[in-house]
Amino acid sequence: MADEPLVLGIETSCDETGVGIVRGHTLLADAVASSVDEHARFGGVVPEVASRAHLEAMVPTIQRALKEAGVAASDLDGIAVTAGPGLAGALLVGVSAAKAYAYALGKPLYGVNHLASHICVDQLEHGPLPEPTMALLVSGGHSSLLLAPDITSDVRPLGSTIDDAAGEAFDKIARVLHLGFPGGPVIDRIARDGDPDAIAFPRGLTGPRDAAYDFSFSGLKTAVARWIEAKRAAGEEVPVADVSASFQEAVADVLTRKAVRACKDEGVDHLMIGGGVAANSRLRALAERRCEDAGITLRVPRPKLCTDNGAMVAALGAEMVARGRSASAWDLSADSSLPVTDPHVPDPEAHTHSHAHSHTHDHDHVHELSRKNLYA
Ligand code: KG4
Ligand code: ZN
């Protein structure tokens, strides 16, 4: 609809320079420039290399997105940008670019949370998110179960990893197997030729006394690495496909089991899975089956929208505009450890005016955010 907010979103939290444009829940452009090849030989993302690549890719990627969407920058209703969490230097490039464009164009600026964006992106695929939304967020830096009554103002963590993130485990195991970086997509591909039941790897934190919604992948990672080392020490060939499939099965099993349990416990009849690891084919298939068995509707965006992109930032920005959330201040800064409970970074001064020009549906949430800002 033409009256829905037209928002451009910029994402630079890691190694992807993403620029997306959405109108409400409709995706108009999703331009991504990745520096992953520049990091591959180091086996992980090198922050300084990423920042420099963002700087070079920023303006061309914005121009490409505007052209793809067929809109003029002057038509935008706002500019959204990932304010955190992520690599400080990388975030800074996106935040600076967003400020420059917003200020020059006279548009409101919305500094938003990368993790909430990974959830909100599903609106572009499956329409409005149910409220509350139960989300399993699995990426290279995070693994959490989140309950979000309102993705623009109220995101509650039910549990998270106590050590490695799920994507991190994929990357580390791929390294041990000499499969390159990032590990997730390679393991996903190789595992198709393997037997997921070949090796019984441990399922972390699944005992009766363990925290129901927390995750742990460090023990699994060590167990897989030891298993591989033992094979090598014995001079035997490592069955890469079986190891990949069995490791992937352990991750997918724990993630889906806990997510379905959280839905049942909280009485939520649907589950959203987001973040880079949500692109994993086995996780998607197992989640599909377990959700169906439990009468839960599963929502997972297409793989390209699961890994980092600008469209997800635009999607959350558009929702902020639609719900009348206050824009960010011009001195918005990048926050490498922005908590998941802050879907965006509102202007701390805005609460004094929030009643005067309030488009908001929910005053309590605005007060909640203002209070947090005052006393944080
Ligand atoms: O969300 P994302 O693109 O960046 C972060 O915010 O971290 O997630 C990147 C992570 C990496 O660890 C990568 O190995 C993993 O997502 N990943 C996958 C797959 N595609 C990406 N993991 C498993 N299977 C995949 N197909
Ligand atoms: Zn991400």
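Preceding block: the structure.
What you are looking at is a predicted structure, and each value in this text was computed from that prediction instead of being measured.

What about the packing of aromatic side chains?
Next up, step 1: Using the criterion set out here, one finds four aromatic pairs in the structure.
Next up, step 2: Their ring planes at 85° and their centres at 5.1 Å tell us that tyrosine 103 and tryptophan 330 sit as a pair that is edge-to-face. With a gap of 227 residues between them, tyrosine 103 in helix 3 (residues 88-105) and tryptophan 330 in the loop between helix 12 (310-322) and helix 13 (363-375) connect regions that are remote in the sequence.
Next up, step 3: With relative accessibility at 61%, the residue tyrosine 103 sits in the exposed group.
Next up, step 4: Relative to phenylalanine 217, the ring of phenylalanine 215 has its centre 6.1 Å away and its plane inclined at 10°; by these criteria the two rings are stacked. Each member of the pair, phenylalanine 215 together with phenylalanine 217, is buried.

A few points about the site of ligand 1
Next up, step 1: Taken together, 20 residues lie near ligand 1, and Gly140, Asp171, Asp188, Gly276 and Asp308 sit nearest.
Next up, step 2: Between ligand 1 and the protein, one listed contact pairs an oxygen atom with a side-chain N or O atom of histidine 114 at 3.1 Å.
Next up, step 3: A distance of 3.5 Å separates an oxygen atom of ligand 1 from a polar atom in the backbone of glycine 141.
Next up, step 4: A total of 550 Å² of accessible area belongs to ligand 1 in isolation, and the protein chains cover 89% of it.

What to know about the pairing of strand 3 (residues 26-34)
Next up, step 1: Examined bridge by bridge, strand 2 (residues 16-23) and strand 3 share eight bridges and lie antiparallel to one another. The residue bridging isoleucine 21 from the neighbouring strand is alanine 29, located in strand 3.
Next up, step 2: Between strand 2 and strand 3, which pair antiparallel and follow one another directly, the connecting turn spans two residues, one of which, glycine 24, has a positive phi of 60°.

As for the sheet that holds strand 1 (residues 6-11)
Next up, step 1: Taken in spatial order, the five strands of this open sheet run 3-2-1-4-5, and their pairing is mixed. Of all the strands in the sheet, the pair left with one neighbour each is strand 3 and strand 5 (109-113). Averaged over all pairs of adjacent strands, the angle between strand axes in this sheet comes to 20°, irrespective of strand direction.
Next up, step 2: Inspection of the sheet shows strand 4 (residues 78-84) paired to strand 5 by five bridges, in the parallel sense. Within the sheet, the bridge partner assigned to isoleucine 79 lies in strand 5 and is leucine 109.
Next up, step 3: Helix 2 (residues 47-69) rests against strand 1, strand 2 and strand 3 of the sheet, and its axis sits at about 155° to strand 3.
Next up, step 4: Along the sheet, helix 3 makes contact with strand 1, strand 4 and strand 5, crossing strand 4 at roughly 160°.

Side note on the coordination of the zinc ion (ligand 2)
For a metal with four tetrahedral donors the ideal donor-metal-donor angle is 109.5 degrees, while six octahedral donors give ideal angles of 90 or 180 degrees.
Next up, step 1: For the zinc ion (ligand 2), the full set of protein donor atoms is His114 (NE2), His118 (NE2) and Asp308 (OD), and the range of their distances to it is 2.0 to 2.1 Å.
Next up, step 2: When the donor residues of the zinc ion (ligand 2) are listed from N- to C-terminus, their spacing reads H-x3-H-x189-D. Linking histidine 114 with histidine 118, this pair stays in helix 4 (residues 114-120), spanning four residues, or about one helical turn.

Description of the pattern of salt bridges
Next up, step 1: Considering all chains together, one arrives at 18 salt bridges under this definition.
Next up, step 2: Measuring nitrogen to oxygen at the nearest pair gives 3.3 Å for the salt bridge that ties lysine 304 to aspartate 30. A residue pair is termed long-range when its members are at least 10 positions apart, and lysine 304 in helix 11 (residues 303-306) and aspartate 30 in strand 3 qualify at 274 residues.
Next up, step 3: Here arginine 203 ties to aspartate 253 by a salt bridge, and the two come within 2.8 Å at their closest N and O atoms. Of the two residues, arginine 203 is situated in the loop between helix 7 (183-191) and helix 8 (218-233) and aspartate 253 in helix 9 (residues 240-266); the sequence distance between them amounts to 50 residues.
Next up, step 4: The class for arginine 203 is partly exposed, based on a relative accessible area of 26%.
Next up, step 5: Taken together, the salt bridges that share partners define one network made up of Glu131, Asp150, Glu319, Arg323 and Arg325.

The rules behind each value
- Residues numbered from 1 in each chain as written.
- Chains lettered and ligands numbered in written order.
- Predicted model: local features only at pLDDT ≥ 70, side-chain atom pairs only at ≥ 80, totals over all residues.
- Heavy atoms only, no water.
- Phe/Tyr/Trp six-rings, centres within 6.5 Å; stacked < 30°, edge-to-face > 60°.
- Helix = DSSP H or I, 4+ residues; strand = E, 2+ residues; numbered from the N terminus.
- Buried < 20%, exposed > 50% of the residue type's maximum accessible area, 1.4 Å probe, protein only.
- Near = heavy atom within 4 Å.
- Polar contact = N/O pair within 3.5 Å; in protein donor to acceptor, adjacent residues only side chain to side chain.
- Areas by Shrake-Rupley, 256 points an atom, 1.4 Å probe, with all protein chains shown as cover.
- Pairing = 2+ DSSP bridges.
- Axes fitted to C-alpha atoms, helices over the stretch in contact; angles between N-to-C directions.
- Contact = heavy atoms within 4.5 Å.
- Donors = N, O, S within 2.8 Å, 3.2 Å for Na, K, Ca; no water.
- Salt bridge = Lys/Arg side-chain N within 4 Å of Asp/Glu carboxyl O.

Just geometry here; none of it tells us what the structure is for.
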